[in-house]
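So you can see what is in the structure, the chains are spelled out below.
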Amino acid sequence: MKIIVTDPIARQGIEILKASGLEVEEKPGIPPDELVKIIPDYDAIIVRSATKVTKPVIGAGNKLKVIGRAGVGLDNIDLKAAKDKGIKVLNTPAATSISVAELALGFMFAAARHIADATASMRQGKWEKKKLKGTELFGKTLGIIGLGRIGTELAKRADAMGMNVLIVDPYIKKCAVGEIRTLEQMLPKADYISIHVPLGDETYHMVNKAIFNKMKDGVIFVNASRGGIVDEDALYEACKSGKIGVAAIDVYEKEPLKDSPLYTLPNVIGTPHLGAQTKEGQIRAGIGVAEKVRDALLEKN
Ligand code: NAD
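Quick caveat, the model's predicted, so the values are computed rather than measured.

## A look at the packing of aromatic side chains
Right, so step 1: Evaluated as defined, the whole model comprises two aromatic pairs.
Right, so step 2: Arranged with centres 5.4 Å apart and planes meeting at 85°, the rings of Phe212 and Phe221 form a pair that is edge-to-face. Per residue, the accessibility class of Phe212 equals that of Phe221, and both read buried.
Right, so step 3: Judged by centre distance (6.3 Å) and plane angle (55°), the rings of Tyr252 and Tyr263 are tilted. Pair noted here: Tyr252 is in the loop between strand E11 (244–249) and strand E12 (268–270) and Tyr263 is in the loop between E11 and E12, with a separation of eleven residues, a long-range link.
Right, so step 4: We classify Tyr252 as buried; its relative accessible area is 7%.

## Considerations on the sheet that holds strand E6 (residues 141–145)
Right, so step 1: Reading across the sheet, the seven strands line up as E8-E7-E6-E9-E10-E11-E12 and stay open at both edges, with parallel pairing between neighbours. Every other strand in the sheet has two partners, leaving strand E8 (179–180) and E12 as the edge strands with one partner each.
Right, so step 2: Note: strand E9 (residues 192–195) against strand E10 (residues 219–223), four bridges, orientation parallel. The residue bridging Ser194 from the neighbouring strand is Val222, located in E10.
Right, so step 3: Where helix H10 (residues 232–241) meets the sheet, its contacts fall on E10, E11 and E12, and the angle it forms with E11 comes to roughly 140°.

## Considering the pairing of strand E4 (residues 66–69)
Taken residue by residue, a regular strand's side chains alternate between the two faces of the sheet.
Right, so step 1: Residues Val66 and Gly68 of E4 are buried on one face, and the alternating residues Ile67 and Arg69, pointing to the opposite face, are buried as well.
Right, so step 2: Two elements, strand E3 (residues 44–47) and E4, share four bridges in a ladder whose sense is parallel. When the sheet's bridge partners are listed, Ile46 is paired in E4 with Gly68.
Right, so step 3: With helix H3 (residues 55–60) bridging E3 and the parallel E4, this β-α-β connection has right-handed handedness.

## Observations regarding the site of the ligand
Right, so step 1: The ligand sits among 26 residues. The nearest are Arg149, Ile150, Asp169, Val197 and Asp250.
Right, so step 2: Measuring from an oxygen atom of the ligand, one finds a backbone N or O atom of Val197 at 2.6 Å.
Right, so step 3: Note that a nitrogen atom of the ligand is positioned 3.0 Å from one of the side-chain N or O atoms of Glu202.
Right, so step 4: Relative to its unbound accessible area of 870 Å², the ligand is 87% covered by the protein chains.
Right, so step 5: Its residues assigned to classes, the shell around the ligand shows 14 nonpolar, seven polar and five charged.

## So, the domain arrangement of the chain
Right, so step 1: Taken domain by domain, the chain consists of domain 1 (2–93 + 279–297) and domain 2 (97–270).
Right, so step 2: Computed from C-alpha coordinates alone, the two centres of domain 1 and domain 2 are separated by 34 Å.

## With respect to helix H11 (residues 279–297)
Right, so step 1: Under the 1.5 Å per step criterion, the end-to-end length of H11 is 27 Å for 19 residues, consistent within 8% with the ideal 27 Å.
Right, so step 2: Among all positions of H11, only Gly281, Gln282, Ala285, Gly286, Gly288, Val289, Ala290, Val293, Arg294, Asp295, Ala296 and Leu297 are buried.
Right, so step 3: Against strand E1 (2–5), helix H1 (11–19), E3, E4, strand E5 (88–91) and helix H5 (97–112) lie the buried residues of H11.
Right, so step 4: Following H11 by one or two positions, Glu299 adopts a phi angle in the positive range, close to 55°.

## Focus on the pattern of salt bridges
Right, so step 1: Under the defined criterion, the tally for this structure stands at twelve salt bridges.
Right, so step 2: Note that Glu153 and Lys156 form a salt bridge whose closest N and O atoms lie 3.3 Å from each other. In this pair, Glu153 and Lys156 are both assigned in helix H7 (residues 149–160), three residues apart and thus about one turn of the helix distant.
Right, so step 3: Judged by its relative accessible area of 42%, Lys156 is partly exposed.
Right, so step 4: Between Lys243 and Asp217 there is a salt bridge; the shortest N-O distance is 2.8 Å. Residue Lys243 is found in the loop between H10 and E11, and its partner Asp217 is found in the loop between helix H9 (209–214) and E10; the two are separated by 26 residues along the sequence.
Right, so step 5: Under the relative-accessibility criterion, Lys243 is labelled buried at 15%.

## Some thoughts on the packing of H5 against H7
Right, so step 1: Interaxial distance between H5 and H7 falls to 8 Å at its minimum, and their mutual angle equals 50°. When the axes of H5 and H7 are compared, the pair comes out oblique. Like other packed secondary-structure pairs, H5 and H7 cross with a definite hand, here right-handed. Contact residues: Ser97, Ile98, Val100, Ala101, Glu102, Ala104, Leu105 and Met108 in H5; Arg149, Ile150, Glu153, Leu154 and Arg157 in H7.
Right, so step 2: Of the residues belonging to the contact of H5 with H7, the class tally is eight nonpolar, one polar and four charged.

Conventions we followed
Residues numbered from 1 in each chain as written. Predicted model: local features only at pLDDT ≥ 70, side-chain atom pairs only at ≥ 80, totals over all residues. Heavy atoms only, no water. Phe/Tyr/Trp six-rings, centres within 6.5 Å; stacked < 30°, edge-to-face > 60°. Buried < 20%, exposed > 50% of the residue type's maximum accessible area, 1.4 Å probe, protein only. Helix = DSSP H or I, 4+ residues; strand = E, 2+ residues; numbered from the N terminus. Pairing = 2+ DSSP bridges. Contact = heavy atoms within 4.5 Å. Axes fitted to C-alpha atoms, helices over the stretch in contact; angles between N-to-C directions. Right-handed = clockwise from strand over helix to strand, strands pointing away. Near = heavy atom within 4 Å. Polar contact = N/O pair within 3.5 Å; in protein donor to acceptor, adjacent residues only side chain to side chain. Areas by Shrake-Rupley, 256 points an atom, 1.4 Å probe, with all protein chains shown as cover. Nonpolar A, V, L, I, M, F, W, Y, C, P; charged D, E, K, R; others polar. Domains from an automatic or database assignment. Expected span 1.5 Å × (residues − 1). Salt bridge = Lys/Arg side-chain N within 4 Å of Asp/Glu carboxyl O. Parallel < 35°, antiparallel > 145°, perpendicular 65-115°, else oblique. Left-handed = near helix turned anticlockwise from the far one by under 90°.

Next comes the structure, spelled out in structure tokens:
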């Protein structure tokens, strides 16, 4: 059976497929019209986020049984078209949870110790010890909205560092660390708030002006989930007014982000959607997707 891999995945994943006797062809960056032409030859396609597995691709895939996505989001795959043809769509939702949790934690440290500002200041040859005095995370209260895979990893790490962890997640009944609170209870108490919910109708713009207004003055707000969850205009206003002390942002409603007013503000720090971008996370995703696609093709489950 033949598999086409159209975005770069970890070598270890490719090796797993080949070792199972599956034929693998790597064609990163293949143009969409060419993919439609050659897809009839393949039993499976493996992608990351760049390749769009569209209706025409799926329609032309006469032998296609499996679509593998190394990573979490499935927005580059036409799920309805796949379902209509009975094609399995497999992803690796847990592969990068630790990577994202560590970025959220990194943001919290960076905000507390002004690491980005201090670096910029050093580059200008300055030595601003007084201006850059920071705070400890120890003893502070962290509100985590969404206790799924990533929220759980963050909660464990924050608890180990001596933070008081408040969890907001209406779909869970208990948590191993921290205490469960409602959103209304958590907002005025937290020194740090980090959001880790999926983007959907219920969560679109769930962090908006009214929610920012209920937060503590000077709160440190972290978003490494999805852009649409936070109303960016309201975020800008809350940062500008000083309601938010520091906003640390990895994800944006429109990506790649261009000319955003957010980055004109001194109290916004951020990254270009780097949450899952670690060596370890990508290896885990590559291995995970290869094992799942192999098992599905060889009908191990
Ligand atoms: P998950 O599905 O494991 O957990 C999500 C949690 O949110 C669940 O426990 C759910 O009960 C909870 N939830 C749903 N609606 C809620 C609401 N209204 N209020 C509070 N809690 C709510 O998801 P995950 O794997 O932990 O991912 C979390 C987010 O991180 C997702 O948006 C995902 O797309 C994003 N993500 C970002 C990156 C990145 O590169 N920055 C990488 C991977 C995932």
